[in-house]
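Chains, contacts and geometry: an overview
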Amino acid sequence: MIRGSIPALVTPFKDGTVDRAALKALVEWHIAEGSHGLVPVGTTGESPTLSHAEHEMVVEEVVQAAAGRVPVIAGAGSNNTAETVRLMQHAEKVGADAALVVTPYYNKPTQAGLIAHFTAAHDCCELPIIIYNIPGRSAVDMSPATMGELSKLPRIIGVKDATGDLSRVPQQRITCGTDFIQLSGEDGTALGFNAHGGRGCISVTANVAPRLCAEFQEATLAGDYAKALDYQDRLMPLHLAIFLEPGVAGAKYAMSRLGKCAEEVRSPLTLVSEPIRAKIDDAMRHAGLLN
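Let me sum up the structure you'll find in this document. Note that the coordinates shown come from a computational prediction; the quantities given were computed from them, not determined experimentally.

1. Quick notes on the packing of aromatic side chains
- Counting across every chain of the model gives 0 aromatic pairs.
- Geometry around Y132 places K160 over its ring, the cationic atom sitting 4.0 Å from the centre.

The following block contains the structure:
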């Protein structure tokens, strides 16, 4: 079942290439820390700067390392429908449990265009799809009505909602039904998201604090919001600090402080600046991750 804390995995690099050993170690760490699933090669996995061969290799490595212990939701998004179809088919071939498909960015399709794009992705194979709606980056917003139409397709099973609008959760419960899996795409509002009917979060912060994020999600899903608030208070400074500069760079810097991977990112991203490093360190101390 897709639920709970699902890290949007970073792709570790070493001297410009994907660090496979570090990637496999991250999978083991996340599972040991209680993460409920994994998303390789989403935006946090630096999918825009991975080659097609690297993208496919990362998905395959994560599927093999997870070995069925947690669901693997493979990033398969593109603003090119044909490329999305190819990535979907590859993810199915190597054994992913589902695919994360973003609304096509930059092209700015109409709602009818979104329906056509996601229908093509749905029909190309048997892999379940989580829609990724992030209008702040893609420049197109899938409406609750459109999502409701797409939810009628049997393998479009949920959404990663990064609109930041908590009213979308009840709206989408009405248009898509209560069985439609709604996952937050924004760590800072994940508590409220679940209170409105969400089932988890595809999380950037969970790269750095997987156990805390998993325990936070368990508390919300059990309806223990007092306990969840305690976790929220510990994690909020980290949610904020990681995104003071691009979140991938912030997460990788924090992970390097924990010895989990190098902080290396690919251009046009750059390493986080010294003032932001200090803020991330402070937030990690606040969360109890550093002395």
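2. Focus on the layout of surface pockets
- Its boundaries defined by the atoms lining it, the largest pocket holds a volume of some 620 Å³.
- At 3 residues, the largest contribution of residues to the lining of the largest pocket is made by helix α10 (residues 225-242).
- Classifying every residue of the lining of the largest pocket by side-chain character gives 15 nonpolar, 9 polar and 6 charged.
- Of the volumes computed, that of the second largest pocket is approximately 440 Å³.
- As for the second largest pocket, its lining consists of 23 residues, and the residues nearest its centre are T43, S47, P48, G77 and Y105.

3. Quick look at the sheet that holds strand β9 (residues 200-203)
- On the basis of which strands lie adjacent, the open sheet formed by 7 strands has the order β1-β9-β8-β7-β6-β5-β4 and parallel pairing. Each having just a single partner strand, β1 (4-7) and β4 (73-75) make up the two edges of the open sheet. Neighbour-to-neighbour, the strand axes of this sheet turn through a mean angle of 30°, independent of strand direction.
- Taken together, the 4 bridges between β1 and β9 define a ladder with parallel strand orientation.

4. Brief notes about the nonpolar core
- By size, the foremost hydrophobic cluster in this structure holds 44 residues, and its most contacted members are V62, M88, F118 and I131.
- Breaking this core down by element, the ones donating at least two residues are α1 (20-32), α2 (52-66), α3 (81-94), β5 (98-102), α4 (111-123), β6 (129-133), α6 (144-151) and β7 (156-161).
- Every residue in contact with M88, bar those within four places of it in the chain, is listed here: A76, A99, V101, A121, C124, C125, L127 and I129.
- V10, A209, L238 and I276 belong to the second largest nonpolar core, which has 35 residues in total.

5. Some thoughts on empty space enclosed by the protein
- All chains considered together, the criterion is met by 2 cavities of 30 Å³ or more.
- The volume enclosed by the largest cavity comes to roughly 50 Å³.
- Considering the residues around the largest cavity, the lining is formed by S5, D187, A190, C201, S203, C213, F216, Q217, L235 and H239.
- With 3 residues, the single largest contributor to the lining of the largest cavity is helix α9 (residues 210-221).
- For the lining of the largest cavity, the residue count by class is 5 nonpolar, 4 polar and 1 charged.
- For the second largest cavity, the calculated volume is near 40 Å³.
- What lines the second largest cavity is D161, T163, G164, D165, L166, S184, G185, E186, T189 and F193.

6. A word on the pairing of β9
- A two-sided burial pattern is seen for β9, the buried positions comprising G200 and I202 on one face and C201 and S203 on the other.
- Across 2 bridges, the pairing between strand β8 (residues 181-184) and β9 is parallel. When the sheet's bridge partners are listed, S184 is paired in β9 with C201.
- Note on the crossover from β8 through helix α8 (residues 190-195) to β9: the handedness is right-handed.

What counts and how
Note on numbering: residues in each chain are counted from 1, in written sequence order. Given that this is a predicted model, residues contribute local features only at a pLDDT of at least 70 and side-chain atom pairs are listed and counted only at 80 or more, while totals for whole chains, interfaces and linings are drawn from all residues. To obtain the side-chain values, all non-hydrogen atoms of the structure were included, while hydrogens and water were left out. Aromatic pairs are defined between Phe, Tyr and Trp rings, using the six-membered ring for Trp, whenever the two ring centres lie within 6.5 Å; interplanar angles under 30 degrees are classed as stacked, those over 60 as edge-to-face, and all others as tilted. Only lysine NZ and arginine CZ atoms are considered, and such an atom sits over a ring when it is within 6 Å of the ring centre and within 35 degrees of the ring normal. Here the term cavity refers to a set of points on a 1 Å grid, laid over the protein atoms alone, in which a 1.4 Å probe fits but cannot get out; the term pocket refers to an open set having protein on both sides within 12 Å along at least five of seven lines, with lining residues being those that place an atom within 4 Å of a point. Grid points are joined across faces, edges and corners, and a volume is the space filled by probe spheres set on the points. Think of it this way: any DSSP run of H or I at least four residues long counts as a helix, any run of E at least two long counts as a strand, and we number them from the N terminus. Charged means Asp, Glu, Lys or Arg here, nonpolar means Ala, Val, Leu, Ile, Met, Phe, Trp, Tyr, Cys or Pro, and polar covers whatever is left, Gly included. Only when DSSP finds a minimum of two bridges between them are two strands counted as paired. For every element, the axis is a line fit to its C-alpha atoms; helices are fit only across the contacting stretch, and the angle between N-to-C directions ranges from 0 to 180 degrees. The term nonpolar core refers to a set of buried residues drawn from Ala, Val, Leu, Ile, Met, Phe, Trp, Tyr and Cys, joined through side-chain atoms within 4.5 Å. Buried, partly exposed and exposed residues are distinguished by accessible area as a fraction of the type maximum, computed with a 1.4 Å probe on protein chains only: under 20%, between the cut-offs, and over 50%, respectively. Only heavy atoms matter for contacts: two residues are in contact if any of them lie within 4.5 Å across the pair. A clockwise path from the first strand over the helix to the second, with the strands pointing away from the viewer, defines a right-handed crossover.

Note that all results are geometric; they support no functional claim without further evidence.
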